[in-house]
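Below, each chain spelled out in residue letters.
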Amino acid sequence: MKNIFILLLLFEIIFAQKPYRGAEYRSIETFQYGRFEIRMQSASGSGTVSSFFTIYDYWGDGINGSENWQEIDYEALGQYTNQFQTNIITAYETSHEELHTLQYNPHVSFQTYAFEWTPEDIKFYINDQLIRQDSNNYVQTFNSGQKIMMNIWQPIWEDWVGEFNPNILPIYAFYDWMNYYSYTPGSGNYGTENNFTFEWGDNFDSFDQSRWQKATHTWDGNNAQFIQQNAVIQNGYLILCLTDNLTSGYFGN
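The shown structure was predicted, so the numbers you read here are calculated from the model rather than taken from an experiment.

Novice: Explanation requested: the overall build of the protein in the structure shown.
Specialist: Helices and strands together make up the secondary structure of the protein, namely two helices and 16 strands. Taking 253 residues into account, the globule formula puts the C-alpha radius of gyration at 18 Å, and the protein, at 18 Å, falls close to it. Along the three orthogonal principal directions, the C-alpha set of the protein runs to about 65 × 40 × 35 Å. Among the 253 residues that make up the protein, the fraction classed as buried is 51%. Contacts in the protein between residues at least 24 apart in sequence constitute 67% of all its contacts with a sequence separation of at least 6. Looking at the protein, you have 11 positive and 29 negative side-chain charges, and the mean spots of the two groups are 7 Å apart.

Next up, the structure:
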C-alpha cells in the first residue's frame, strides 16, 4: 500500500507541473533538404498553436547551446481566422516570422502546406502557391539533418498568440497525410524545376512506430505537457489534442 501511495504521489508531482496536456508527433529519422508537405486542418482558439515543422534536434545529439538552433515552421495561431504564420528560426533562437493573409479559415477546412529546403533557399507554399522565399545568409547555415514534427501546445506569450481561455478545451488539429520528397536537382520530377523526388508518404491509417514517435516532454514557455494519449490515429487522420490535465484523447466526430 505504501508503494502505491508513493507512485501516486510521484505521478501527481510530475503531472501537476503543467495545467494542460498537448501532443507532438516527431520523426525518428532526420532529413537534410527536400520538399515537406502536409494536408492539415489547424486548431482554433486564442492562445494556442498547432504546427508542422522541421527542427535540428541538437538536444538529442547531446549538444547544448541555442547557437545550434535550426528550424523551419508552419505555425497556425488559433486566434486568427484568416492568417497563418511561417517562421525560420536560426542561431540563438532568432525568429524570422511572417504572417500571411489567407482567403479561407484554416481551422475549418483542410489545406495543403509545403516548404522546399535546399542549400540555396527555403520556399513556403500553400495549396501549391508560393507565399514566401528566403535566400538570406542564414539559410546557408542550415547544414544539419532535421526531424519532421507536428504539435499542438499552449504558449505563455500572449503578445504572440493572444489570451487563452481554458474553457475552449478540448481542441484538435487534424492531419490527413504527409509526404517527403528528397532534393535531387537535375534528376527529380516534382516541385520547383522538378528538383525533388518522392521518397515516402504517410496517410495516417496506423501508427508507424518505425517512422514516428509520440513525444512526452515540455519546456518553460509551454503550458502543456506532451503525452502520448493526445496523439491519436483515427479514421485515417492524425489528431493532435489539447486538453485539460484531467482528460486526454479525442472525443469528436
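Novice: Is there a simple way to think about the packing of aromatic side chains in this case?
Specialist: Aromatic ring pairs are defined here through the distance separating the ring centres and the angle between the ring planes. Tallied over the entire structure, the rule returns 37 aromatic pairs. With a centroid separation of 5.8 Å and 45° between ring planes, the pair formed by F31 and W200 is classed as tilted. Here the residue F31 occupies a position in the loop between β1 (20-27) and β2 (34-41), and W200 occupies one in strand β12 (residues 196-202), the gap between them amounting to 169 residues. W200 shares its class with F31; the two are buried. A ring pair is formed by Y58 and W69, whose centres lie 6.1 Å apart and whose planes are at 70°; its orientation type is edge-to-face. Placement of the pair is Y58 in the loop between β3 (49-55) and β4 (71-77) and W69 in the loop between β3 and β4, with a sequence separation of 11 residues. For the pair Y58 and W69, one class covers both residues: buried. We note R35 situated over the ring of Y125; from NZ or CZ to the ring centre the distance is 5.0 Å.

Novice: Which parts of the structure should I look at to understand the pairing of strand β9 (residues 129-134)?
Specialist: In this sheet, β9 lies alongside strand β8 (residues 122-126) in antiparallel orientation, the contact comprising five bridges. If you follow K123 over to β9, its bridge partner there is Q133. Between β8 and β9, which pair antiparallel one after the other, the connecting turn spans two residues, and N127 there sits at a positive phi close to 50°.

Novice: Just checking my understanding: could you explain the nonpolar core for this structure?
Specialist: Generally speaking, nonpolar side chains in soluble globular proteins are found buried as a group. In terms of nonpolar packing, the biggest core is built from 44 residues, with M150 and M178 touching the most fellow members. Top element by residues in this core is strand β11 (residues 171-183). It accounts for five residues. Non-local contacts of M178, meaning those with residues more than four positions away in its chain, are made with F36, E37, I38, F52, I148, W200, G201, D202, F204 and W212.

Cut-offs used in this document
Residues numbered from 1 in each chain as written. Predicted model: local features only at pLDDT ≥ 70, side-chain atom pairs only at ≥ 80, totals over all residues. Heavy atoms only, no water. Helix = DSSP H or I, 4+ residues; strand = E, 2+ residues; numbered from the N terminus. Rg over C-alpha atoms; globule rule 2.2 N^0.38 Å. Buried < 20%, exposed > 50% of the residue type's maximum accessible area, 1.4 Å probe, protein only. Contact = heavy atoms within 4.5 Å. Lys, Arg positive; Asp, Glu negative; His and termini not counted. Charge placed at Lys NZ, Arg CZ, Asp CG, Glu CD. Phe/Tyr/Trp six-rings, centres within 6.5 Å; stacked < 30°, edge-to-face > 60°. Lys NZ or Arg CZ within 6 Å of the ring centre and 35° of its normal. Pairing = 2+ DSSP bridges. Core = buried A, V, L, I, M, F, W, Y, C linked by side-chain atoms within 4.5 Å.

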